[in-house]
Amino acid sequence: MHIGIAGAGVLGRLLAWRLSRAGHRVAVYDPADGPLARGAAGWTAAGMLSPSAELECADLQVFQDGLDSLGQWAEIVAALPGAPDFDCHGSLLLAHRGDGGAARRLVELIEHKAPEGHRPQPLAPDALSRLEPDIHGPALAWFLPHEGAINPLQLMPALHEGARGVDWHWGRPVDEVGEGFLSVDRRRHAFDHVFDARGLGQRPASGPATGCADVRGVRGEIFLVRAPEVRLTRPVRLLHPRHRVYIVPRRDHHFIIGASEIESEDRSAVSLRSTVELLAAAHSVLPGLAEARLVQTDTNLRPALRDNLPLIEQATGLTRINGLFRHGWMIAPAMTARAIRQAGIPLSLPGASAA
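Numbering of residues starts from 1 in each chain and follows the order in which that chain's sequence is written. The predicted origin of the model limits local features to residues at a pLDDT of at least 70 and limits the giving and counting of side-chain atom pairs to 80 or more, whereas totals for whole chains, interfaces and linings rest on all residues. Water and hydrogen atoms play no part in the side-chain values, which are based on all heavy atoms of the structure.

(A) View of the sheet that holds strand β13 (residues 193-196). A pair of strands counts as paired when DSSP detects no fewer than two bridges linking them. A run of H or I in DSSP counts as a helix once it spans at least four residues, and a run of E counts as a strand once it spans at least two, with each numbered from the N terminus. One open sheet accounts for 6 strands, arranged β9-β2-β1-β13-β20-β19; its pairing is mixed. Edge positions in the open sheet fall to β9 (167-170) and β19 (311-315), since each of these has one partner strand only. Neighbouring strand axes in the sheet, compared pairwise and without regard to direction, differ in orientation by 15 degrees on average. Of the strand pairs in this sheet, strand β2 (residues 25-30) and β9 are connected by 4 bridges, and their pairing is parallel. Paired with V28 across the two strands is W168, which belongs to β9. Convention adopted: a line fitted to C-alpha atoms gives each axis, helices being fitted over their contacting stretch, and angles between N-to-C directions are expressed from 0 to 180 degrees.

(B) Structural detail: the pattern of salt bridges. Salt bridge, as used here: a side-chain nitrogen of Lys or Arg that lies within 4 Å of a carboxyl oxygen of Asp or Glu. Overall, the coordinates contain 22 salt bridges when judged by the stated rule. Between R244 and E56 there is a salt bridge whose closest N-O contact spans 3.0 Å. Remark: E56 occurs in the loop between β3 (48-49) and α2 (60-79) and R244 occurs in strand β16 (residues 244-250); sequence separation between them is 188 residues. Exposure remark for R244: the relative accessible area of 22% places this residue in the partly exposed category. Of the residues examined, E56 reaches a relative accessible area of 24% and is grouped as partly exposed. A salt bridge links D196 to R320; the shortest N-O distance between them is 2.8 Å. Residue burial is assigned from relative accessible area. The probe radius is 1.4 Å, only protein chains are included, and a residue is buried under 20% of its type maximum, exposed over 50%, and partly exposed in between.

(C) Geometry of the packing of α2 against helix α7 (residues 328-342). Where α2 meets α7, the axes come as close as 7 Å, and the angle between the chain directions of the two elements is 90 degrees. For the element pair α2 / α7, the angle class is roughly perpendicular. Every residue of α7 that contacts α2 at Q61, V62, D65, G66, D68, S69, Q72, W73 and I76 is listed here: W329, M330, I331, A332, P333, A334, M335, A337 and R338. By the convention adopted, Pro, Cys, Tyr, Trp, Phe, Met, Ile, Leu, Val and Ala count as nonpolar, Lys, Arg, Asp and Glu as charged, and the other residues, Gly among them, as polar. Across the contact of α2 with α7, the residue classes break down as 11 nonpolar, 4 polar and 3 charged. An angle counts as roughly parallel when it lies under 35 degrees, as roughly antiparallel when it exceeds 145, as roughly perpendicular when it falls between 65 and 115, and as oblique in every other case. Contacts: residue pairs with any heavy atoms within 4.5 Å of one another.

(D) Local environment of the packing of aromatic side chains. Pairing of aromatic rings covers Phe, Tyr and Trp, the last through its six-membered ring, and needs centres within 6.5 Å; plane angles under 30 degrees mean stacked, over 60 mean edge-to-face, and all others mean tilted. What the rule picks out here adds up to 2 aromatic pairs. Ring centres 5.8 Å apart and planes at 35 degrees place the aromatic pair W73 and W329 in the tilted group. Here the residue W73 occupies a position in helix α2, and W329 occupies one in helix α7, the gap between them amounting to 256 residues. Residue W73 shares its accessibility class with W329, and that shared class is buried. Ring geometry for W168 against W170: centres 5.5 Å apart, planes inclined by 5 degrees, an arrangement best described as stacked. Considered together, W168 and W170 belong to a single accessibility category, that of buried residues. For a lysine, the NZ atom is tested; for an arginine, the CZ atom; a charge sits over a ring if that atom is within 6 Å of the ring centre and within 35 degrees of the ring normal. Over the face of the ring belonging to F181 we find R188, whose NZ or CZ atom lies 3.7 Å from the ring centre.

(E) Here's a closer look at helix α6 (residues 272-283). The span you would expect from a helix comes to 1.5 Å times its residue count less one. If you check α6, its first and last C-alpha atoms are 16 Å apart, about what 12 residues at 1.5 Å a residue would give, namely 16 Å. Looking only at α6, the buried set comprises S274, L278, A281 and A282. Taken down its axis, α6 places every buried residue within 100 degrees of arc, on the same side. Turning to α6, the residues buried within the fold contact β14 (216-226), β15 (236-239), β16 and β17 (254-258). Summarising the geometry, the arc corresponds to the directions from the helix axis toward the C-beta atoms.

Structural data, given as structure tokens:
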């Protein structure tokens, strides 16, 4: 089949990778200058794979998609060039004594929603110390076993490089998406099927928006720091009164710190408030971060729908996907696989290798 994709974020790249491996002809159109241009929201993410923890604001479908995607990421990463980082050693929820009441209520919410075997496991101080010796300060801790992390900065170029034979059209924003066509520079290109994965780009220029087009941007801010003396082997969430501050380890003693979630479409640089609050909160559980060096800050807009849940819309010759919110990397494999399946596009052709 000849397939067109609008958008080369995490969804667009995963779609292109899956479909090209199955032997389909794929063309991708994106306004970015090239495969390393960091415009899509997928570039500005910690890559946490935390289906249980996300039950705080997600439903059981997102949980199941996250769980399914963990297994799919293991297969995808193994097939990609460059061996991108992927781990599934679990994650930690932490809270200081003064925030214990709010933290317990959140943990109880997760316990109520999560199936058996995926609920937070309380950790005594000595057990926490054995898992992560450099964590000090929190009075309460829980372990979530079926969670992990990936590195988006490695995966975005790896998905592009691994999607062999795909016709990438960089610097080509899509004007219109319809059943079986993409319009670029006011010229229509016909396809057997089209996937619209543009995120905020699906919003109409004028008039009311419904479904996937009823999308808004939610501002997120992250920090990359380097602390050679700090050891951390799994993602950590501090249950802070105003933020769910996360710390995600990366290679060479680098750490992603973030979690700001602001109802704003402002793309300007990180704010002083976020800098002070998030970095101070991270330091309160990893004291070794006091001598960390701030390597980079970044902001972006996550595409979210009215209910903050993802949506797939199918029509003849057209599939729209949107609303991945803060769950993008966590559920992208399951969402793309389901969208392809619902579109009736085969992923196992004679002589092709499908993932």
